[in-house]
Amino acid sequence: MTTPPFMLRQPQPVQAPPNTVYVSFSAEIIPHTTESLIATLTNLVNQGVKQIYLMLSTPGGSVMHGMNLYNVLRALPVELITHNVGNVDSIGNAVFLSGSKRYACPHSTFMFHGVGFDINQPMRFEEKFLRERLDGITSDQKRIGSVIAERTKIEPTDIEKLFLEMQTKDATFAAGCGIVDDVRDVQIPAGSPIISLVFQR
């Protein structure tokens, strides 16, 4: 009996991507954490994942990178669910509001404050410098305020008060004004894929 010159391989079944992937992000919003989160989520979209469940806790960070995250996450062709699992502060609120569905754990908080800038060394302040910085601050606050106004039931005058008074609000407040759809704990079904983003501190 003649051995055939080659063996026909049976085609392997293509494994379907998971319907929902849980992603944990607990970090400051700075360049490398922003890039890592975008890369992770876009990779999941490219794999065909239909729903991303983002478990978020952040002290805030860069307004520029937070707005970048908000716009990219809103553009992804996937259902994005955001869940506050600790505290969402500052520009983190804009990132959180990118979710099409939004939840908060019962003991989580949301902190709002105005935009500012840090000074790490002695500097001479002149009118031109101060006007430029003030223009930047008011522009950033307007951008963040417009996101909050569009995505929640909070009135513009109340948003200004949140910025001026640096207020921390609980999950009940968040549910009452449309920041979240419901207050609940995260429940991850057994066997669900979980990605935890870990960054050096």
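You'll find the structure just up there.
Quick summary incoming for the structure in this document.

Thresholds, definitions, all that
Residues numbered from 1 in each chain as written. Predicted model: local features only at pLDDT ≥ 70, side-chain atom pairs only at ≥ 80, totals over all residues. Heavy atoms only, no water. Helix = DSSP H or I, 4+ residues; strand = E, 2+ residues; numbered from the N terminus. Buried < 20%, exposed > 50% of the residue type's maximum accessible area, 1.4 Å probe, protein only. Contact = heavy atoms within 4.5 Å. Phe/Tyr/Trp six-rings, centres within 6.5 Å; stacked < 30°, edge-to-face > 60°. Lys NZ or Arg CZ within 6 Å of the ring centre and 35° of its normal. Expected span 1.5 Å × (residues − 1). 1 Å grid on protein atoms, 1.4 Å probe; cavity = no way out; pocket = protein on both sides within 12 Å on 5 of 7 lines; lining within 4 Å. Points joined across faces, edges and corners; volume = space filled by probe spheres on them. Nonpolar A, V, L, I, M, F, W, Y, C, P; charged D, E, K, R; others polar. Arc of directions from axis to C-beta. Axes fitted to C-alpha atoms, helices over the stretch in contact; angles between N-to-C directions. Parallel < 35°, antiparallel > 145°, perpendicular 65-115°, else oblique. Polar contact = N/O pair within 3.5 Å; in protein donor to acceptor, adjacent residues only side chain to side chain. Pairing = 2+ DSSP bridges.

## A word on the overall build of the protein chain
Here is step 1: What the protein chain contains, in helices and strands, is 6 helices and 8 strands.
Here is step 2: Along the protein chain, helices (α) and strands (β) appear in the sequence β-α-β-α-β-α-β-β-α-α-β-α-β-β when read from the amino end.
Here is step 3: Taking all 201 residues of the protein chain together, 41% fall into the buried category.
Here is step 4: Look at the contacts in the protein chain between residues 6 or more apart in sequence, and 75% of them connect residues 24 or more apart.

## Some words on the packing of aromatic side chains
What characterises a pair of aromatic rings is the spacing of the ring centres plus the angle enclosed by the ring planes.
Here is step 1: Tallied over the full model, the rule gives 3 aromatic pairs.
Here is step 2: Consider the rings of Phe25 and Phe199, whose centres lie 5.9 Å apart with planes at 70°: the pair is edge-to-face. Here Phe25, found in strand β1 (residues 20-26), pairs with Phe199, found in the segment after β8 (194-197); they are 174 residues apart in sequence, far enough to count as distant. Phe199 shares its class with Phe25; the two are buried.
Here is step 3: A cation sits over an aromatic face here: Lys169 above Phe173, 4.8 Å from the ring centre.
Here is step 4: Seen from the ring of Tyr103, Arg184 lies directly overhead, with NZ or CZ sitting 4.1 Å from the centre.

## Some remarks on helix α1 (residues 31-46)
Here is step 1: For α1, spanning 16 residues, the distance from its first C-alpha to its last is 22 Å, which sits close to the expected 22 Å at 1.5 Å a residue.
Here is step 2: Contact partners of the buried residues in α1: β1, β2 (51-58), α2 (63-75) and β8.
Here is step 3: Two residues or fewer after α1 comes Gly48, characterised by a positive phi angle close to 100°.

## With respect to the layout of surface pockets
Here is step 1: Estimated volume of the second largest pocket: approximately 170 Å³.
Here is step 2: In this structure, the second largest pocket is lined by Gln141, Lys142, Gly145, Ser146, Ala149, Pro156, Ile159, Glu160, Phe163 and Leu164.
Here is step 3: Put simply, the parts of the chain that give the lining of the second largest pocket at least two residues each are α4 (127-151) and α5 (156-165).
Here is step 4: By residue class, the composition of the lining of the second largest pocket is 5 nonpolar, 3 polar and 2 charged.

## Description of α5
At 3.6 residues per turn, the α-helix brings residues three or four places apart onto the same side.
Here is step 1: Listed in full, the buried residues belonging to α5 are Ile159, Leu162 and Phe163. Viewed along the axis of α5, the buried residues span an arc of 95°, placing them on a single side of the element. Away from its buried face by more than 90 degrees, α5 exposes Thr157, Glu160, Leu164 and Glu165.
Here is step 2: After α5 finishes, the residue Met166 shows a positive phi value of roughly 45°.

## What to know about the environment of Tyr22
Here is step 1: By the secondary structure assignment, Tyr22 is in strand β1.
Here is step 2: Separated by 30 residues in the primary sequence, Tyr22 and Ile52 have C-alpha atoms spaced 6.1 Å apart.
Here is step 3: When neighbours within four sequence positions are excluded, Tyr22 is seen to be in contact with Tyr53, Met55, Gln187, Ile188, Pro189, Ser192, Pro193, Ile194 and Ile195.

## Quick look at the packing of α1 against α2
Here is step 1: Packing of α1 against α2 leaves a shortest axis separation of 10 Å and a crossing angle of 10°. With respect to their mutual orientation, α1 and α2 come out roughly parallel. Across the interface between the two elements, Pro31, Thr34, Leu37, Ile38 and Leu41 of α1 pack against His65, Asn68, Leu69, Val72 and Leu73 of α2.
Here is step 2: Here the contact of α1 with α2 is composed, by residue class, of 7 nonpolar, 3 polar and no charged.

## What to know about the side chain of Asn93
Here is step 1: Note that Asn93 resides in helix α3 (residues 92-96).
Here is step 2: With relative accessibility at 2%, the residue Asn93 sits in the buried group.
Here is step 3: At 2.9 Å, the side chain of Asn93 and the backbone oxygen of Met111 are in polar contact.

## Let's talk about the pairing of β2
Two faces make up the sheet, and in a regular strand the side chains alternate between them.
Here is step 1: Of all 8 residues in β2, 8 are buried, a share of seventy percent or more.
Here is step 2: In β2, alternate side chains face the same way, and those of Gln51, Tyr53, Met55 and Ser57 on one face and Ile52, Leu54, Leu56 and Thr58 on the other are all buried.
Here is step 3: The sheet contact formed by β1 and β2 spans 7 bridges and is parallel. Each bridged residue has a counterpart across the sheet, and for Tyr22 the counterpart in β2 is Tyr53.
Here is step 4: Where β2 meets strand β3 (residues 79-89), 7 bridges bridge the pair, whose relative direction is parallel.

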